[in-house]
Amino acid sequence: MEKINRNPGGKPSVPPVASGPAGELDMTPIWLAVIVVFVTIMLLWVWKRKRSARTDVLLTGLCDSGKTLLFSQLVLGEEKESFTSIKENLGVLQTTSGELRLVDIPGHERLRGKFFDQYKNLTKAVIFVVDSVTVQKEIRDVADFLYTILADKAIANLPVVILCNKQDETLAKGDGVIKSLLEKEINLVRQTRTSQLESVDPQSTDAVYLGRPDKDFEFGQLSQKVQLVACSAKEPQIDDVVAFLDSL
């Protein structure tokens with residue numbers, strides 16, 4: 001019969017459990033937990049970065065400027081009949097530098113701000129389309145919307161192309177004339193907006209002032225690169241637009 005050694009108190013003695021060499025704790029579970037946490041953090045970082053990556057090119061401007069026709073030429077390679085849109089058009093564009101998503105947002109005054117805010121943080125570049133025939137008549141509205149875009153912090157360091165469309169038409173203004181018209185009108189817009197902000201809150205530090213306060217406005221004063229390009233989406237004469245997209 002097997003004998004059980006008892007201690008003086010009469011209870012069976014339990015042999016000590018070994019915890020490793022020289023009584024050290026087993027660190028394997030702890031290191032495994034650290035690795036799992038690290039991998040989880042890295043996966044979340046990659047996922048968040050992928051979601052916030054700028055992959056869009058925003059196509060914007062007033063109604064009837066030719067945005068949607070340009071969108072069709074770039075994405076489909078052909079002219080499609082277009083109507084006044086109440087929602088955005090999305091299309092994938094293959095360029096020499098990779099894949100871009102082209103976002104054509106409605107030009108209607110009541111819609112364009114909503115869609116601009118929706119996509120501005122995903123935007124890699126902005127193409128602002130101007131009707132070269134009616135630009136002088138609509139200059140206030142064109143300049144006001146363009147000012148809103150250029151003054152937005154989400155666009156501050158992004159390339160912007162002002163596309164002078166409909167150059168195939170006889171009464172179209174050249175890109176040099178349009179540049180002068182826009183600079184002069186934006187100069188007035190910024191004065192108006194600054195006055196409005198000061199009347200609401202003289203101590204406001206959130207106001208974005210385009211250009212140099214001691215100079216009349218010029219596009220060359222901005223932090224982002226702004227260029228004017230003449231084109232015709234109808235002809236189509238869009239080689240310079242394609243070259244710009246390839247450079248992104």
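Residues numbered from 1 in each chain as written. Predicted model: local features only at pLDDT ≥ 70, side-chain atom pairs only at ≥ 80, totals over all residues. Heavy atoms only, no water.

Caption draft 1: Structural detail: the overall build of the protein. Scanning the protein for helices and strands turns up 6 helices and 6 strands. Moving toward the C terminus, one meets the helices and strands of the protein in the order α-β-α-β-β-α-β-α-β-α-β-α. Burial status across the protein gives 36% buried among its 248 residues. The contacts in the protein between residues at least 6 apart in sequence include a share of 74% that link residues at least 24 apart. Of the roughly 15,700 Å² of accessible surface on the protein, 55% is carried by carbon and sulfur atoms. (Helix = DSSP H or I, 4+ residues; strand = E, 2+ residues; numbered from the N terminus. Buried < 20%, exposed > 50% of the residue type's maximum accessible area, 1.4 Å probe, protein only. Contact = heavy atoms within 4.5 Å. Areas by Shrake-Rupley, 256 points an atom, 1.4 Å probe, with all protein chains shown as cover.)

Caption draft 2: Region of the structure containing the pattern of salt bridges. Overall, the coordinates contain 10 salt bridges when judged by the stated rule. In this structure, Glu185 engages Arg140 in a salt bridge whose closest nitrogen and oxygen atoms are separated by 3.2 Å. Highlighted residues: Glu185 in helix H5 (residues 175–200) and Arg140 in helix H4 (residues 139–150), separated in sequence by 45 residues. Here the salt bridges share partners, and the residues they tie into one network are Asp117, Lys120 and Asp152. (Salt bridge = Lys/Arg side-chain N within 4 Å of Asp/Glu carboxyl O.)

Caption draft 3: Focus on helix H2 (residues 67–75). With 8 of 9 residues buried, H2 is to be regarded as a mostly interior element. Turning to H2, its buried residues are Lys67, Thr68, Leu69, Leu70, Phe71, Ser72, Gln73 and Leu74. Immediately downstream of H2, the backbone of Gly77 shows phi near 75 degrees, a positive value.

Caption draft 4: Region of interest: the environment of Ala151. For Ala151, the position within the fold is in the loop between H4 and strand S5 (160–165). In this structure the C-alpha to C-alpha distance between Ala151 and Tyr209, which are 58 residues apart in sequence, comes to 7.2 Å. Excluding residues within four positions of it along the chain, Ala151 makes contact with Val208 and Leu210.

Caption draft 5: The arrangement of H4 in detail. With 12 residues, H4 extends 16 Å between its outermost C-alpha atoms, agreeing within 8% with the 16 Å of an ideal straight helix rising 1.5 Å per residue. Of all the positions in H4, only Ile139, Val142, Ala143, Phe145, Leu146, Tyr147, Ile149 and Leu150 are classed as buried. (Expected span 1.5 Å × (residues − 1).)

Caption draft 6: Local environment of the confidence of the model for the protein. Of the residues in the protein, 79% reach a pLDDT of 70 or more, and the chain-wide mean stands at 84. Ranking the elements of the protein by mean pLDDT puts helix H1 (residues 28–52) last with 71 and S5 first with 98. (pLDDT = per-residue confidence, 0-100.)

Caption draft 7: Focus on the nonpolar core. Core analysis: the largest hydrophobic core is formed by 35 residues, its most contacted members being Leu146, Leu150, Ile162, Leu182 and Phe219. Only helix H3 (109–119), strand S4 (123–131), H4, S5, H5 and strand S6 (226–230) provide two or more residues apiece to this core. Among the elements that line this core, the one with the most residues is H4, at 8 residues. When neighbours within four sequence positions are excluded, Leu150 is seen to be in contact with Val160, Leu210, Phe219, Leu222, Gln224 and Val226. (Core = buried A, V, L, I, M, F, W, Y, C linked by side-chain atoms within 4.5 Å.)

Caption draft 8: Fine view of the environment of Gln237. With respect to the secondary-structure elements, Gln237 resides in the loop between S6 and helix H6 (239–246). Linking Gln237 and Leu70, residues 167 residues apart in sequence, is a C-alpha distance of 10.0 Å. Sequence-distant contacts of Gln237, that is, excluding residues within four places in its chain, are made with Cys231 and Ser232.

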